[in-house]
Amino acid sequence: MATNPVENTSKSPLTLLGLGAMGTALADAWLAAGHPLTVWNRTAARADDLAARGAAVAATASDAVAANRLVVVCLLDDASVEEALEGLDLAGKDLVNLVTSTPGQARVRAAWAEERGARYLDGGIMAVPPMIGVPEAGAYVFYSGSAGLFEEHEGALAAPAGTRYVGADAGHAALHDVALLSAMYGMFAGVAHAFALFRGESVAPSELAPLLGSWLTAMSGSVAGTAAQLEDGDYTRGVVSNLAMQVAGQETLRRTAEEQRVSAELLDPYFRLMARRLEVGSGAEDLTGVVDLLRR
């Protein structure tokens, strides 16, 4: 049974399963916002500080789920979600899954929850734990699945971070999450290559950093242009540096890397795609055609 129950307030109550770094940050934010909160974690000691602040601590996942209609899950992975919830009575529950997963896993989990009588919402958290509960940090969560669940509980869901509902397809929150993270890692790869070129030179990384940051910010403006070209199918519209010119420029980047004794392995896959697109497309295009090459 739950212990240390919070006092009733006008804020909607909820249950949280999982008190890792992200789960604890979420719990802190909900308590700070005045939401009656029941928590459960496999390692019970992790709930001690939250209990001291007024959270109700459930002895089992079953007790935690029974305590409230809104149940938020922030466990390790999809398998741990099934393990924690398997065999529990989910009828009439509103289940929000904040576990990082693939779109396919989210869709399967949505069907699994609906078969058990629960409404389901999947979430993709665009933040690290220190950003949670700090409005100025800009954290937000993608949500997809039951529109009714989202509309009813948006106030509670918005307490830890901003909310962005991206549709009824339960897989779309994970898809948005992974797409943004994939772009982030592509950027990190370029940043790593740039810093590597300067290792051993007289230019300090701290001198290069603001130049890199401002350049990447300026280049981010091309994202909207790429989207427009993909939508209308005209890859030559608004081109500033065409594909032929950029493929021709690859050799300078490769030779510079060689001279600086830096591997070009972070650049070469993209360079190869650019060259392939030039073979099948038009030199007057932008780089947008590379997107089509990535589709299997």
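These lines cover the structure that appears in this document, whether it is placed above or below. (Residues numbered from 1 in each chain as written. Predicted model: local features only at pLDDT ≥ 70, side-chain atom pairs only at ≥ 80, totals over all residues. Heavy atoms only, no water.)

What about the pattern of salt bridges?
For the record, the criterion: By salt bridge we mean one thing: a side-chain nitrogen of Lys or Arg within 4 Å of a carboxyl oxygen of Asp or Glu. What counts as a helix is a DSSP run of H or I of at least four residues, what counts as a strand is a run of E of at least two, and both are numbered from the N terminus. The buried label applies to any residue whose accessible area, calculated with a 1.4 Å probe on protein chains only, is under 20% of its type's maximum; exposed applies above 50%, and partly exposed to all values in between.
Across all of its chains, the model carries 14 salt bridges by this definition. Between Glu86 and Arg116 there is a salt bridge, with its nearest N and O atoms 4.0 Å apart. Here Glu86, found in the loop between α4 (78-85) and β5 (94-97), pairs with Arg116, found in the loop between α5 (103-115) and β6 (119-126); they are 30 residues apart in sequence, far enough to count as distant. Exposure remark for Glu86: the relative accessible area of 43% places this residue in the partly exposed category. On the basis of relative accessibility, which here comes to 28%, the residue Arg116 falls in the partly exposed class. The salt bridge involving Arg254 is made with Asp268; its shortest N-O contact spans 2.9 Å. Here the residue Arg254 occupies a position in helix α11 (residues 250-259), and Asp268 occupies one in helix α12 (residues 268-280), the gap between them amounting to 14 residues. Connected via shared salt-bridge partners are Arg69, Asp94, Arg119 and Glu152.

Re the nonpolar core
Threshold: Put simply, buried Ala, Val, Leu, Ile, Met, Phe, Trp, Tyr and Cys residues joined by side-chain atoms within 4.5 Å make one nonpolar core. Note on definitions: a residue-residue contact is assigned when non-hydrogen atoms from the two residues lie within 4.5 Å.
Ranked by internal contacts, the top residues of the largest apolar core, which has 34 residues, are Leu16, Val39, Val96 and Ile132. Contributing elements (two or more residues each) for this core: β1 (14-17), α1 (21-32), β2 (37-40), α2 (48-52), β4 (70-73), β6, β7 (140-145) and α6 (147-157). Examining the composition of this core, we find that seven residues originate from one element, α1, more than from any other. Other than its neighbours up to four places away in sequence, Ile132 contacts Met22, Ala25, Leu26, Ala29, Ile125, Ala127, Pro160 and Ala161. Core analysis: the next-biggest nonpolar cluster, separate from the first, contains 21 residues, Leu17, Trp40, Val65 and Leu95 among them.

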